[in-house]
Every structure is written in C-alpha cells, then in structure tokens.
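What the coordinates show
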Amino acid sequence: MYTPDPDRYADMPYRRTGRSGLKLPALSLGLWHNFGPDRPAETQRAILRRAFDLGVTHFDLANNYGPPPGAAESALGDALKADFAHHRDELVVSTKAGYLMWPGPYGEWGSRKYVLSSLDQSLGRLGLDYVDIFYSHRPDPETPLEETMGALHSAVQQGKALYVGVSNYSAEQTREAARILAELGTPLLIHQPRYSMLDRRPEDEGLLDTLDELRVGSIAYSPLEQGLLTGRYLDGIPEDSRAASDSPFLSADTVTEELVGRLRTLNEIAASRGQSLAQLALAWVLRGGRVTSALIGASSPRQLEDSVAAIGNLEFGADELARIDEVVKR
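Residues numbered from 1 in each chain as written. Predicted model: local features only at pLDDT ≥ 70, side-chain atom pairs only at ≥ 80, totals over all residues. Heavy atoms only, no water.

This part covers helix α10 (residues 301-308). Of the positions making up α10, those classed as buried are Leu-304, Ser-307 and Val-308. Down the axis of α10, the buried set is contained in an arc of 95°. They therefore lie on one face. In this structure, the buried side of α10 is in contact with β3 (27-30), α1 (41-53), α9 (277-286) and β10 (293-296). (Buried < 20%, exposed > 50% of the residue type's maximum accessible area, 1.4 Å probe, protein only. Helix = DSSP H or I, 4+ residues; strand = E, 2+ residues; numbered from the N terminus. Arc of directions from axis to C-beta. Contact = heavy atoms within 4.5 Å.)

This is how it looks when you write it as structure tokens:
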C-alpha cells in the first residue's frame, strides 16, 4: 500500500490562482503522452506517486489524452482508486473538452451537448464525482461563446466541476469568455496557453497582460517545447527522439543547426546557474510569479525529479534574462 511522504509539502511553492482561493503547485503534472496502454501501468503509478511525494498536487488531463483518447483519464482513475483514495481532497484534478472524441457532429468542439456529455464520460473514466477544474480546450469558430461558457457554468452548477478554465483562447476571446462567465456567476479561474522560452506568443499577443488585468490565473503547457528545451537535442536529433519519429508535434526539419547552437548556449547559461537546460526553461516560465504553474510531463520518476528540482532556483538577474532574450531572439 502506498504511503505518501509526510514531508511532501515542505519544498514545493504553491501559488494563488488569479483572484481565487485555489493554490496550485509551481509545477503540475500533465498526463498527455505517457499515460496509456502502451506504457507499463506500474511505471505510470510510480510517476504519480513520486509526483505527490514531491508536492505536485495537480494532475492535468483532457478527454483526448492517451493514446488512445480517454486512456490517460482511465489510467489516472485506476491510480486514484489504488493509491489516492484517501487523498482526493489533497489533489487538484483537471480535464478538458474540445477535441475529437467520437464520430458524428456531437463529438468535438464547443456545443453544450458535446461539452457536458464529454464531462460525464471523463468523470466515468476517472471514477470521480467531480473534477476540480474543467476547461474548454479550444474555441469553437461556429458555436456561440455564450453556449460554450454556459456549458462550463452548468458543470459547476451541477456539482461536476469546482472551477472552470479555457485553453488556446486568444486574448480577445479570453476577455469575452471572462465577461460571459462573470455575468453567469462562475468566474474564469485559469487559462492554459502554450508558453516557453522559444514560444513567446502569450507575451507578444497580449494574453499575459489580459490575464493580469482580469486577475485570471495561468498554467503553461509545453514549457520544454516538446523536448527541445532539454538536453536531448544538444548534439542533434537522437534516433529515439520525438523529432526522429512521425510525431505531428515536432519534426526533424525544426531541429536546424542554428537552433542546436542556440540550445547549446542556453545550456551554458543553465550550467552557470547550477541547472539543467530543462530546469532553466521551467524556471524561466515561472519567473516573477506571473505564471501560476508550469505543466511538466514525465516518462519516469527520475525525469520527474529532474524537472521538480527547478524550484530550487526560480530567481533571475536582469543580465541573465537579457542574455536569454539575446540568444532566443537573435
């Protein structure tokens, strides 16, 4: 039987999410590509147990995570039952609806029918009565935003979600979503954008400024830029890497000699801080407290431990930030 580390809350920083009462760990565990039937169940459970031991209290999912879609929620459901049955109130579990889950006109996007049906299916796979955060995973260009936000509001009213969020929404869309939800009486808690040293769109397109203004929290996904901001690509493309596969998320064409040179320089900056490149990338996203939490993935407990060690140095000098900008933007 799993017994959590009694000192699990000693080191992890917890940050208030926007103007809510909910605090999230600086690093949250995303169950995207490493939780499914193609991975050993015991490895998956070991990652979750180690995460909790390190103070990672937030497990983030979506209905389509796996593969196949739904598999990550089922895997977490099994682990919750086996290892965390007595710790549910110490955990924040989030899921999302928006991408394709079943055939036909009601199996994706943002209609009320899809969003609420998807949540019911997610709760069944997770074995839970409610999730802590329920997201609209992407804006629907054809469904009125009032309908999608109304479905999120209904999820809270029905007791199936405690808070609601959006992901992949522009600054303008986020502002309108927050307005609609405020009128309904269910505040927008959080936005989940893609954000990293190599992907500055939340800064450049005004999203982070909008979230600050609205006092909405943020949790960054892909802070390691699909593995580019780790040590894996410092000497080119490893044969067993994502870029060497047929992954739609990172192609070999992306890993140019020029990019590898920049990664090596960033790695030198990381070393001067006593960090790995991955730790530097995570610390950069979390710098200054503007981002509530950063999502990390893990294929092993050891990889998870390396990422969590980033919390040991989250401070940057102005010269360090300027040097990073020089390297990334040159």
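Back to the write-up after that little detour.
Turning our attention to the environment of Gln-158. Here Gln-158 lies in the loop between α4 (145-157) and β7 (161-167). Among the residues examined, Gln-158 registers a relative accessible area of 43% and is labelled partly exposed. Expressed as a C-alpha distance, the spacing of Gln-158 and Ala-310, which sit 152 residues apart in the sequence, is 38 Å.

Here Ser-196 lies in the loop between β8 (188-192) and α6 (201-204). Through-space distance from the C-alpha of Ser-196 to that of Leu-286 is 10.0 Å; in sequence the pair is 90 residues apart. With residues near it in sequence (within four places) discarded, Ser-196 still touches Ser-222, Pro-223, Glu-225, Leu-229, Trp-284 and Val-285.

In this section: the packing of aromatic side chains. Per the stated rule, a full pass over the model turns up six aromatic pairs. With centroids separated by 5.6 Å and ring planes inclined at 65°, the aromatic side chains of Tyr-2 and Phe-84 adopt a geometry described as edge-to-face. Here the residue Tyr-2 occupies a position in the segment before β1 (14-16), and Phe-84 occupies one in the loop between α2 (71-83) and β5 (92-97), the gap between them amounting to 82 residues. For the residue pair Tyr-2 and Phe-84, the accessibility class agrees, reading buried in each case. (Phe/Tyr/Trp six-rings, centres within 6.5 Å; stacked < 30°, edge-to-face > 60°.)

A few words on the pairing of β5. By the criterion of burial, β5 is predominantly enclosed, with six of the six residues buried. Of the two faces of β5, both are covered, the one formed by Val-92, Ser-94 and Lys-96 as well as the one formed by Val-93, Thr-95 and Ala-97. Pairing of strand β4 (residues 58-60) with β5, which is carried by three bridges, proceeds in the parallel orientation. Its bridge partner being in β5, Asp-60 is matched across the sheet by Ser-94. Between the parallel elements β4 and β5, the chain passes through α2 in a crossover that is right-handed. By the bridge criterion, four bridges tie β5 to strand β6 (residues 131-136) in an arrangement that is parallel. The residue of β6 that forms the bridge with Thr-95 is Phe-134. Handedness of the crossover is the feature at issue here: the chain leaves β5, passes through helix α3 (residues 112-126), returns alongside β6, and the resulting connection is right-handed. (Pairing = 2+ DSSP bridges. Right-handed = clockwise from strand over helix to strand, strands pointing away.)

Here α1 crosses α2 at 65°, and the two axes come no closer than 10 Å. Considering how the two elements wind past one another, α1 and α2 form a crossing that is right-handed. Between α1, through Gln-44, Arg-45, Leu-48 and Arg-49, and α2, the contact on the second element is made entirely by Ala-75, Leu-76, Ala-79, Ala-82 and Asp-83. Grouping the amino acids of the contact of α1 with α2 by side-chain chemistry returns five nonpolar, one polar and three charged. (Axes fitted to C-alpha atoms, helices over the stretch in contact; angles between N-to-C directions. Left-handed = near helix turned anticlockwise from the far one by under 90°. Nonpolar A, V, L, I, M, F, W, Y, C, P; charged D, E, K, R; others polar.)

Here Arg-200 lies in the loop between β8 and α6. Here Arg-200 falls in the buried class, since its relative accessible area comes to 8%. Within polar-contact distance, the side chain of Arg-200 engages the backbone oxygen of Met-197 at 2.8 Å. Separated by 3.0 Å, the side chains of Arg-200 and Asp-325 make a polar contact. Ignoring sequence-local partners within four residues, the contact set of Arg-200 consists of Tyr-195, Trp-284, Ile-324, Asp-325, Val-328 and Lys-329. (Polar contact = N/O pair within 3.5 Å; in protein donor to acceptor, adjacent residues only side chain to side chain.)

For the rest of this paragraph, the subject is the sheet that holds β7. Taken together, eight strands build a closed barrel; the order of strands is β3-β4-β5-β6-β7-β8-β9-β10 and the barrel is parallel. Sheet twist, expressed as the mean angle between neighbouring strand axes with direction ignored, is 30°.

Okay, the packing of helix α5 (residues 171-184) against helix α7 (residues 207-214) next. At a minimum axis distance of 9 Å, the contact between α5 and α7 shows a crossing angle of 20°. What the angle tells us is that α5 and α7 run roughly parallel. Relative to α7, the crossing made by α5 is right-handed. Note on element contacts: α7 touches α5 through Leu-207, Thr-210, Leu-211, Glu-213 and Leu-214, opposite Ala-171, Thr-174, Arg-175 and Ala-178. (Parallel < 35°, antiparallel > 145°, perpendicular 65-115°, else oblique.)

What follows deals with the side chain of His-87. Within the fold, His-87 resides in the loop between α2 and β5. Here Glu-90 takes part through its side chain, which lies 2.8 Å from a polar atom of the side chain of His-87. Beyond its immediate sequence surroundings of up to four residues, His-87 is in contact with Pro-4, Arg-8 and Phe-52.

Attention shifts here to the pattern of salt bridges. The tally for this structure, following the rule as stated, stands at 25 salt bridges. Linking Arg-179 and Glu-183 is a salt bridge whose minimum nitrogen-to-oxygen distance equals 2.8 Å. Of this pair, Arg-179 and Glu-183 are both found in helix α5, four residues apart, which corresponds to roughly one turn of the helix. For Glu-183, a relative accessible area of 60% corresponds to the exposed category. Among the salt bridges present, the one from Asp-199 reaches Arg-194, with a minimum N-O distance of 3.6 Å. Each of Glu-42, Arg-45, Arg-49 and Asp-83 takes part in salt bridges that share partners, so that together they form one network. (Salt bridge = Lys/Arg side-chain N within 4 Å of Asp/Glu carboxyl O.)

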